[in-house]
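# A structural walkthrough
Listed below are the residues making up each chain.
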Amino acid sequence: FVEKGGTLVIEGGVNILNCSTQAGTGGSLGSGNGATLGSGIFLNTNGASGAILTLAPPIGETTTISNNISDDNVNNLPGSASYTAGYGGPGAGVTINGAGTVVFSGDWTYTGATTLTQGTLRSNGTVPYSSLTVGASGILKGTGTWSQDVTANGTIAPGNSIGTISFGNITFGNGSTFQVEIDP
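Residues numbered from 1 in each chain as written. Predicted model: local features only at pLDDT ≥ 70, side-chain atom pairs only at ≥ 80, totals over all residues. Heavy atoms only, no water.

Regarding its fold elements, the protein chain presents zero helices and 16 strands. Looking at the protein chain residue by residue over its 184 residues, the buried ones come to 41%. Of the contacts formed within the protein chain by residues at least 6 apart in sequence, a portion of 40% connects residues at least 24 apart. Here the protein chain displays about 8,700 Å² of accessible surface, and carbon together with sulfur accounts for 47% of that area. (Helix = DSSP H or I, 4+ residues; strand = E, 2+ residues; numbered from the N terminus. Buried < 20%, exposed > 50% of the residue type's maximum accessible area, 1.4 Å probe, protein only. Contact = heavy atoms within 4.5 Å. Areas by Shrake-Rupley, 256 points an atom, 1.4 Å probe, with all protein chains shown as cover.)

Of all hydrophobic cores here, the largest spans 25 residues; its most connected members are L43, I69, V94, W108, L121, L140 and W146. When near neighbours in sequence (up to four residues on either side) are disregarded, I69 contacts I41, L43, L53, V94, D107, W108, T109 and Y110. (Core = buried A, V, L, I, M, F, W, Y, C linked by side-chain atoms within 4.5 Å.)

Moving on: the packing of aromatic side chains. Tallied over the full model, the rule gives three aromatic pairs. Taken together, a centroid distance of 3.9 Å and an interplanar angle of 25 degrees make the contact between F104 and W108 stacked. Just as F104 is buried, W108 falls in that class too. Judged by centre distance (6.0 Å) and plane angle (40 degrees), the ring pair of W108 and Y110 falls under tilted. (Phe/Tyr/Trp six-rings, centres within 6.5 Å; stacked < 30°, edge-to-face > 60°.)

Right, dumping it as structure tokens:
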């Protein structure tokens, strides 16, 4: 858990897989204040902004996340079973700020922004609710899907060699690079 206003920084080569969380405050499991049921990393905003997960692997190191990253706003999106009008907020976010590589293959369903300041993000999962900003020193690779807006000021390099990455909308800033690998 990362509570509202809190920051969790993960540095070095780390593998996060096959983890799960269960919590609640009475009644049925998965309901009530502070409740969660799922797997992966849960970012608790409690309706406010501020919970940030920072992944900062140093050069030559890889952090791999094979499970989901979610926040408490994801169950409050219009159309969900537990949607409550007026609840929510900007959601929790993820910052990637290390010269190494972050690899993910799960679903990142948190609702705050994703910022890739430096290093490489190998995105092989689905990110339906988070926008992404790729900084000038960032490289986005992989075969994943980003449904929200992507702003590229760094490098976009689809695939894990040759491959496709999908975006809802993408804007390339001055000095950005679109790097394509071809099969001769």
